[in-house]
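Structural features, examined
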Amino acid sequence: MDPEADDDGVKRASPSVAPAIDTPHATEWLLHAIVENIPNMLFVKDAEELAFALFNRAGEQLLGLPREALIGRTDFDLFPASDAEFFQKKDRETLDGKVLVDIEEEPISTARGVRWLHTKKVPILDAEGQPRFLLGISEDITDRKLADTALREAKTQAETASAELEAFSYSVAHDLRAPLRAIDGYSAALLEDYADRLDDDGRRLLDNVRRAAQRMASLIDDLLTLSRATRVDLRREQTDIGALARACLEPLLRAAPHREVEIVIEDGLTALADPRLVVVALDNLLGNAWKFTSKQPRARIEVGAAAPRAPGEARTFFVRDDGAGFDMAYVGKLFTPFQRLHGASEYDGTGIGLATVQRIMRRHGGRAWAEGKVGAGATIYFTLEPDATT
Ligand SMILES: Nc1ncnc2c1ncn2[C@@H]1O[C@H](COP(=O)(O)OP(=O)(O)O)[C@@H](O)[C@H]1O
Ligand SMILES: [Mg+2]
């Protein structure tokens, strides 16, 4: 039978383990218990020799040595000389400066291999203000450090892989342009030089070849633009979004002077952004607004900024039209490459524009999102900086 257990078999706290709180050595007992139970390594060194005077249980576990092997020793007895020199240099800084020294990361050789510690060293001064002891508190951060390193490596690998893939698709797309131009060019030459020897069917087939080649060329151009949006270095400057929007609309208006489109561009639309990328985004957004209002007699296209809803919220810009709109049930597809909610026979396009817009906003730390309703127009919102409120 357990000698400490009572008749009923239940263990009672024995006074030799935990004295009543009002006994003379209760405080001492409690302090000792706290030191022993703190889950960080605690150690004390004397200020003269820097020999260890105290080690707690977590310290023994961390170093893989019992305290008998530690007390009375110095760092030079326990660790490689270069480690010991570093530890003692920090000890002297603490004691001479009479300040807390925070060592965020230090490696230490232990019986269990190298561990990483976050250590704080505190001088303990006597009544005359002279340093007598050094208190050390070390947290074992090895697991966190290994996880950090693994994460950083994985990130670098992913970035490298993605950059390689991006460079690969860029050069593939780029190199496809020349043969494509040849196909289109030779078809055009055939149509012209052999016009008298081709019948209507022959000419129609060649026209189809040219149309397909031209469509593929615009797909490639759009893909190259998408790729460039990821690859260029971001260079922010004060950017006049209103002026860029006007410049994007100008060729559209000139090419279709018969269209009745009311253009509204708010004043003061400036942002700290890369104008080379913003102009690509606006080209896509205004191109869409122009295209999806093209089947109605009158249209309105608006470029503006929404009032912030909370302090610190990123400034939200928008491009709005009152055209064909789209079904909000499929809004998630809008920004995915090659996804289109309107058929090619209705409105032509490659489906890469909004994916490019999204990438440009992400490059700036912002994002793009959309609202729309079938037959009632669409609004594409975007921000060009991270949102401090989310
Ligand atoms: N202003 C808009 N109004 C209605 N639908 C739009 C608008 N902008 C984009 N969309 C929808 O999102 C799809 C993807 O847009 P985008 O990537 O620019 O491709 P594209 O213009 O080549 O079709 C479009 O095919 C269309 O279905
Ligand atoms: Mg488009």
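I will try to describe carefully the structure that is included in this document. Predicted, not measured: the structure shown is a model, and the values here were computed from it.

What follows covers the site of ligand 1. Around ligand 1 sit 18 residues in total, of which Lys 291, Arg 340, His 342, Gly 351 and Leu 354 are the nearest. Leu 341 places a main-chain nitrogen or oxygen 2.8 Å from an oxygen atom of ligand 1. Within the contact set of ligand 1, an oxygen atom lies 2.7 Å away from a side-chain nitrogen or oxygen of His 342. For ligand 1, the accessible surface in isolation is 530 Å², of which the surrounding protein chains cover 97%. Elements supplying a minimum of two residues to the shell around ligand 1: helix H8 (275–291) and helix H9 (353–363). Considering only residue class, the shell around ligand 1 consists of seven nonpolar, eight polar and three charged.

Any empty space left between atoms is shown by rolling a water-sized probe over those atoms. Here the largest pocket defines a volume of roughly 720 Å³. Lining the largest pocket are 33 residues; nearest its centre among them are Asn 284, Asn 288, Lys 291, Gly 353 and Leu 354. Looking at the lining of the largest pocket, the element that brings in the most residues is H8, giving eight residues. Here the lining of the largest pocket is composed, by residue class, of 16 nonpolar, 12 polar and five charged. Estimates place the volume of the second largest pocket at around 220 Å³. The element contributing the most residues to the lining of the second largest pocket is helix H6 (residues 200–231), with five residues. Both of domain 2 (143–231) and domain 3 (234–390) provide at least three residues apiece to the lining of the second largest pocket.

Cut-offs and rules
- Residues numbered from 1 in each chain as written.
- Chains lettered and ligands numbered in written order.
- Predicted model: local features only at pLDDT ≥ 70, side-chain atom pairs only at ≥ 80, totals over all residues.
- Heavy atoms only, no water.
- Near = heavy atom within 4 Å.
- Polar contact = N/O pair within 3.5 Å; in protein donor to acceptor, adjacent residues only side chain to side chain.
- Areas by Shrake-Rupley, 256 points an atom, 1.4 Å probe, with all protein chains shown as cover.
- Helix = DSSP H or I, 4+ residues; strand = E, 2+ residues; numbered from the N terminus.
- Nonpolar A, V, L, I, M, F, W, Y, C, P; charged D, E, K, R; others polar.
- 1 Å grid on protein atoms, 1.4 Å probe; cavity = no way out; pocket = protein on both sides within 12 Å on 5 of 7 lines; lining within 4 Å.
- Points joined across faces, edges and corners; volume = space filled by probe spheres on them.
- Domains from an automatic or database assignment.

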